[in-house]
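# Structure at a glance
For reference, the chains in residue letters:
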Amino acid sequence: MIYKDFQDLKLSALGFGCMRLPQNSEKLTDINETLTEEMISYAMEQGVNYYDTAWGYHDGASETVIGRILGKYPRGNYYLATKFPGYDLANMDKAEEIFEKQLEKCGVTYFDFYLFHNVCEMNIDAYLDPKYGIYDYLMRQKQNGRIRHLGFSAHANYETMKRFLDAYGKDMEFCQIQLNWMDWTFQNAKEKVALLNEYKIPVWVMEPLRGGKLASLSDAETAKLKALRPLEETAAWAFRFLQGIDSVTMILSGMSDFEQVQKNIQTFASDQKLNQQETDTLLGIADQMLKTNTVPCTACSYCTSHCPKGLNIPSLLELYNEHNFTGGGFIAPMALSSIPKDKQPSACIGCRSCEAVCPQQIKISETLADFCKKLK
């Protein structure tokens, strides 16, 4: 197992994400605890020492199950991370209530790592609003030793992350972002990593395989990778890409079965960064995948000056691309929830004034109409 230095700790480079635990049925709370315990037992034996759960994972059952399983090990043998659920604005005035309940659910007296969960456009104002006292409360828990290390996770755009960092960056010890070879350019992850580097904040990675999408490529795409590394599995390429980013300290993988645990641990037995040719090949595959699933907006903004409704068309098209490529998901709806209704895709009147000046000849009105259909 590769280990990474974080302050005075040595963390396994592979972290066990507890959002996609094996289930007995389709009901999220119906976790197969026996299989989960076998997976964690093997992970512990192989040196994985970081376990990441959250208030909302498995509709609240993840913290309880993980706490019960990890409770069978000496407390100093693992690092436990969970998060304040700010993805739900109804929780903003409940920081103390939720934190105390999380300690109870996990059966611990402190958390090694604790995060502001999912800083984004929808909740940034509330997170920064002193009336809720979230920051002050969590800082007190850190001073009291009930939080050892405080950080945040973000699905936000660059500007929103910058707002959060400008306010609280001096006290953030780590940041968890969606980072993989697809999102390096698609979600501007490269720029987000650079931003965190400016603040000297280590990077924690979530969605290294983009929900499994990057573990299953077409035969032609797979052949390109096999030509360079015949023995490397497709999923391992995603981890090797991340191993080449110096500021990445923790790579979380939400493992759902025993085989995934075994394969991931095998990958993290060695550090085999990609060379330039391999990186270029991988990013070239990403470019081709995006060309067939997204509209080619370059954010030139010629369209915005011709829109009678004042829509931020480049931003809407960026969200459309995310939603279309992913096949749904929560990111686009979450971002749109922070936008006034008269500035959302549904506000487009189909006048096509924007299309007359689009250098890429995007059928913007049709794209926004399609976006509305896919959001229903």
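Up top is the structure these notes are about.
We now turn to the structure provided with this report. Since the structure is predicted, the reported quantities are computational estimates derived from the model, not experimental observations. (Residues numbered from 1 in each chain as written. Predicted model: local features only at pLDDT ≥ 70, side-chain atom pairs only at ≥ 80, totals over all residues. Heavy atoms only, no water.)

## Considering the sheet that holds strand 9 (residues 203-206)
Spelled out, the test is: Following DSSP output, two strands are said to pair if at least two bridges run between them. Only DSSP runs of H or I with at least four residues qualify as helices, and only runs of E with at least two residues qualify as strands; both kinds are numbered from the N terminus onward. Only the stretch in contact is used when a helix axis is fitted, and all axes are lines through C-alpha atoms; the angle between N-to-C directions ranges over 0 to 180 degrees.
Here eight strands make up a closed barrel; going around it, the order is 3-4-5-6-7-8-9-10 and the pairing parallel. Taken pair by pair, the neighbouring strands of this sheet meet at an average axis angle of 30°, ignoring direction. Strand direction decides the pairing type here: strand 7 (residues 147-154) and strand 8 (residues 175-178), joined by three bridges, are parallel. Bridge pairing links Ser-153 to Gln-176 in strand 8.

## Notes on the pairing of strand 10 (residues 248-254)
For clarity, the threshold we go by: Only protein chains enter the accessibility calculation, which uses a 1.4 Å probe; a residue is then buried when its area is under 20% of its type maximum, exposed when over 50%, and partly exposed in between.
Among the seven residues in strand 10, six count as buried, and that is most of the element. Two strands pair when backbone bridges link them, and strand 3 (residues 14-17) and strand 10 are joined in this way by four bridges, in the parallel orientation. Counterpart to Gly-17 in the pairing with strand 10 is Gly-254. With three bridges connecting them, strand 9 and strand 10 associate as parallel partners. Following the sheet pairing, Val-205 is matched in strand 10 by Ile-251.

## A word on the packing of helix 1 (residues 33-45) against helix 11 (residues 258-267)
This is how it is decided: Oblique is the label for any angle not covered by the other classes, which are roughly parallel (under 35 degrees), roughly antiparallel (over 145) and roughly perpendicular (65 to 115). Left-handed is the label given to a crossing in which the near helix is rotated counterclockwise from the far helix by less than a right angle, and right-handed is the label when the rotation is clockwise. Any pair of residues with heavy atoms lying within 4.5 Å of one another is described as a contacting pair.
Where helix 1 meets helix 11, the axes come as close as 9 Å, and the angle between the chain directions of the two elements is 15°. Between helix 1 and helix 11, the interaxial angle falls into the category roughly parallel. Like other packed secondary-structure pairs, helix 1 and helix 11 cross with a definite hand, here right-handed. Each of Glu-38, Met-39, Tyr-42 and Ala-43 in helix 1 lies in contact with helix 11, whose residues at this interface are Phe-258, Val-261, Gln-262 and Ile-265.

## Overview of the nonpolar core
This is how the line gets drawn: Residues enter a nonpolar core if they are buried and are Ala, Val, Leu, Ile, Met, Phe, Trp, Tyr or Cys, with the set joined through side-chain atoms within 4.5 Å.
Counting residues in hydrophobic clusters, the biggest one holds 88 residues, and the most contacted among them are Phe-16, Phe-116, Phe-152, Leu-179 and Trp-181. Looking at which element gives the most residues to this core, the answer is helix 10 (residues 234-243), with six residues. Not counting chain neighbours up to four residues away, the residues in contact with Leu-179 comprise Trp-184, Ala-189, Val-193, Val-203, Val-205, Met-206, Glu-207, Pro-208, Leu-242, Ile-245 and Val-248. One finds Tyr-320, Leu-336, Cys-354 and Phe-371 within the second-largest nonpolar core, a separate group that totals 19 residues.

## Digging into helix 15 (residues 364-375)
Applicable threshold: The span expected for a helix works out to 1.5 Å for each residue beyond the first. It is the directions from the helix axis to the C-beta atoms whose arc is reported.
With twelve residues, helix 15 extends 16 Å from end C-alpha to end C-alpha; this agrees with the ideal 16 Å at 1.5 Å per step. For helix 15, the full list of buried residues reads Ile-364, Ser-365, Thr-367, Leu-368 and Phe-371. Axial view of helix 15: buried residues confined to an arc of 165°, hence all on one face. Buried residues in helix 15 make contact with helix 13 (313-326) and helix 14 (331-336).

## Overview of the pattern of salt bridges
For clarity, the threshold we go by: Any Lys or Arg side-chain nitrogen located within 4 Å of an Asp or Glu carboxyl oxygen qualifies as a salt bridge.
Summed over the entire model, instances satisfying the criterion amount to 24 salt bridges. Taking the shortest distance from any N to any O, the salt bridge between Lys-10 and Asp-5 comes out at 2.4 Å. There is no split in this pair, since Lys-10 and Asp-5 are both exposed. The shortest N-O distance in the salt bridge between Arg-20 and Glu-207 comes to 2.8 Å. Taken as a pair, Arg-20 in the loop between strand 3 and helix 1 and Glu-207 in the loop between strand 9 and helix 9 (219-228) lie far apart in primary sequence, 187 residues in all. The class of Arg-20 is partly exposed, set by a relative accessible area of 32%. Judged by its relative accessible area of 17%, Glu-207 is buried. Put simply, Arg-229, Glu-232, Arg-240 and Glu-278 are held in one network by salt bridges that share partners.

## Overview of the side chain of Ser-247
Assignment of secondary structure puts Ser-247 in the loop between helix 10 and strand 10. The exposure class of Ser-247 is buried, given its relative accessible area of 18%. When sequence neighbours within four positions are dropped, the list of residues in contact with Ser-247 reads Val-193, Asn-197, Pro-202 and Val-203.

## Comments concerning the pairing of strand 8
Judged by which residues are buried, strand 8 turns out to be covered on both faces: Cys-175 and Ile-177 on one side and Gln-176 and Gln-178 on the other are all buried. Here strand 8 pairs with strand 9 via four bridges, running parallel. Looking at strand 9, one finds that Gln-176 is bridged to Trp-204.

## Here we look at the packing of aromatic side chains
Let me state the cut-off plainly: Think of it this way: a Phe, Tyr or Trp ring, Trp meaning its six-membered ring, pairs with another when their centres are within 6.5 Å, and the plane angle makes it stacked under 30 degrees, edge-to-face over 60, tilted otherwise.
Within the structure shown, the criterion is met by 26 aromatic pairs. Judged by centre distance (6.2 Å) and plane angle (65°), the rings of Tyr-50 and Trp-204 are edge-to-face. Taken as a pair, Tyr-50 in strand 4 (residues 50-52) and Trp-204 in strand 9 lie far apart in primary sequence, 154 residues in all. Overall, the relative accessible area of 0% leaves Tyr-50 in the buried class. A centroid spacing of 6.0 Å and a plane angle of 80° characterise the contact between Phe-99 and Tyr-137, whose relative ring orientation is edge-to-face.

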